[in-house]
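Residue strings, one per chain:
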Amino acid sequence: MVGDRLRPLLERTTLAALLALSSALGGCAHGPLATGTRTTGGASAQSEIISTITGDSPNFAQLANGSLMTVVSRNFGRGAKAGALVEFYYPHCSTDQLWDSYIGVASGGTLRWAQNLRLVNQAIVPDTGRVTSDFEGPGYTLRLEDVVSPTSNVHLRHVTLTNEGTQPLKDVSLVDYGYFMLNSLPTGDRLQVDPKSHALVQTDTGVAVAVAADPAPTDARCGLANVPVGAAEDACCAAEHLDWKGPQAAGPSLTGVNGTLRNAVGDVAPGQSVSVTYALGAGPDG
């Protein structure tokens, strides 16, 4: 179990070190990092450094509005995490601002990420621009509904948990986790919790992302990505042992920053459903 938790940390740390080395050797630290070229029908399309190193994402569906494009992962292939967001391109399709972002359910003293539940179905709802991912957990179902706003650079994730059992689900929380890499590198990013909205706001030169919840989250915390111990512990690791209190700001760091929003919804009675909507927005500044 410890090995399973440490493996993604080691993978991400190795990638972060490669990215930092690339930058030190002359890579552009800000703006699109065009390091590879793909040729399609006589035209060439450039890939940013992460896709060049790791390959294209495990794509189930792409959502876009012209300046923001996101990708929902399928459940198989390199680095697949079913239902997770694995790409977040803004303001160009050669500028990926995200490593990964996913949803978790905490109940009964255990946190389970959606990609570790049983995937039941993924679908693109005709004529809506909406993608659904359905999962089964112990005594509940989880539905993720994803859509990109056609008029603003915001990706919406509507999360619904339904108690399908005969006993109440105790002390339930819905969790959003995100590890963004602005300007395709983690090294210059700063993350903080906005004191008014409790949104996570991450900034780097010329670009920013914000993650908010409706209703407002019960807890929000920042962390240093791939740091498994200490006060500024990786926010994903902290969530996995139900540590919701933590730094309200983090970064810059060689390995980047990450954060979680937790919505505590309490006990969920048999047949009851609870929902939270998470909004991931992008812009030129915080």
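Residues numbered from 1 in each chain as written. Predicted model: local features only at pLDDT ≥ 70, side-chain atom pairs only at ≥ 80, totals over all residues. Heavy atoms only, no water.

**Some points on the sheet that holds strand 10 (residues 140–148)**
Taking strand neighbours across the sheet as the criterion, the nine strands line up as 8-9-10-11-19-15-14-13-17 in an open arrangement whose pairing is antiparallel. Looking at which strands have only one partner, the edges of the open sheet turn out to be strand 8 (118–125) and strand 17 (249–250). Direction of pairing for strand 13 (residues 190–193) relative to strand 14 (residues 200–204): antiparallel, over a ladder of four bridges. Each bridged residue has a counterpart across the sheet, and for L191 the counterpart in strand 14 is Q202. (Pairing = 2+ DSSP bridges. Helix = DSSP H or I, 4+ residues; strand = E, 2+ residues; numbered from the N terminus.)

**Thoughts on the pattern of salt bridges**
Following the criterion strictly, the structure yields nine salt bridges and no others. Through salt bridges with shared partners, one network takes in D219, K245 and R262. (Salt bridge = Lys/Arg side-chain N within 4 Å of Asp/Glu carboxyl O.)

**Some words on unusual backbone geometry**
Residue P91 is bonded to the preceding Y90 through a cis peptide linkage, with omega at -5°. Looking at where P91 falls in the secondary structure, it is placed in the loop between strand 5 (85–89) and strand 6 (98–107). P215 follows D214 through a cis peptide bond whose omega is 5°. When you line up the elements, P215 lands in the loop between strand 15 (207–214) and strand 16 (219–224). Positioned with a positive phi, D171 is a non-glycine residue whose angle comes to about 50°. Structurally, D171 is set in strand 12 (residues 169–180). We classify D171 as exposed; its relative accessible area is 54%. Its identity is not glycine, yet S184 carries a phi of approximately 70°, on the positive side. Tracing the sequence through the fold places S184 in the loop between strand 12 and strand 13. (Buried < 20%, exposed > 50% of the residue type's maximum accessible area, 1.4 Å probe, protein only.)

**Some points on the packing of aromatic side chains**
In this description, a pair of aromatic rings is defined by centroid distance and the angle of the planes. What the rule picks out here adds up to four aromatic pairs. Ring geometry for F88 versus F180: centroids 5.5 Å apart, planes at 90°, classification edge-to-face. Remark: F180 occurs in strand 12 and F88 occurs in strand 5; sequence separation between them is 92 residues. By the burial criterion, F88 is buried, and F180 matches it. Counting every residue linked through ring pairs, the aromatic cluster contains Y102, W113 and Y177. Between the NZ or CZ atom of R74 and the centre of the ring of F76, over which it lies, the distance is 4.5 Å. (Phe/Tyr/Trp six-rings, centres within 6.5 Å; stacked < 30°, edge-to-face > 60°. Lys NZ or Arg CZ within 6 Å of the ring centre and 35° of its normal.)

**Considerations on the side chain of N258**
Here N258 lies in strand 18 (residues 257–268). Looking at N258, its side chain comes within polar contact range of the side chain of Y177, at 3.3 Å. (Polar contact = N/O pair within 3.5 Å; in protein donor to acceptor, adjacent residues only side chain to side chain.)

**Focus: the environment of Q248**
Tracing the chain through its elements places Q248 in the loop between helix 3 (235–240) and strand 17. Classification of Q248 as partly exposed rests on a relative accessible area of 42%. Along the chain, Q248 and V193 lie 55 residues apart, while their C-alpha atoms are 5.2 Å from each other. Not counting chain neighbours up to four residues away, the residues in contact with Q248 comprise L191, Q192, V193, A220, R221 and C222. Within the structure, the side chain of Q248 is placed 2.9 Å from the backbone oxygen of A220, a separation counted as a polar contact. (Contact = heavy atoms within 4.5 Å.)

**Topic: the nonpolar core**
With 44 residues, the main nonpolar core has F88, L142, L161, F180 and Y278 as its most contacted residues. In terms of residues, this core owes the most to one element, strand 19 (residues 273–283), which gives five residues. Counting residues in each nonpolar core, the second largest holds 15 residues, with V71, Y179, A225 and A239 among its members. (Core = buried A, V, L, I, M, F, W, Y, C linked by side-chain atoms within 4.5 Å.)

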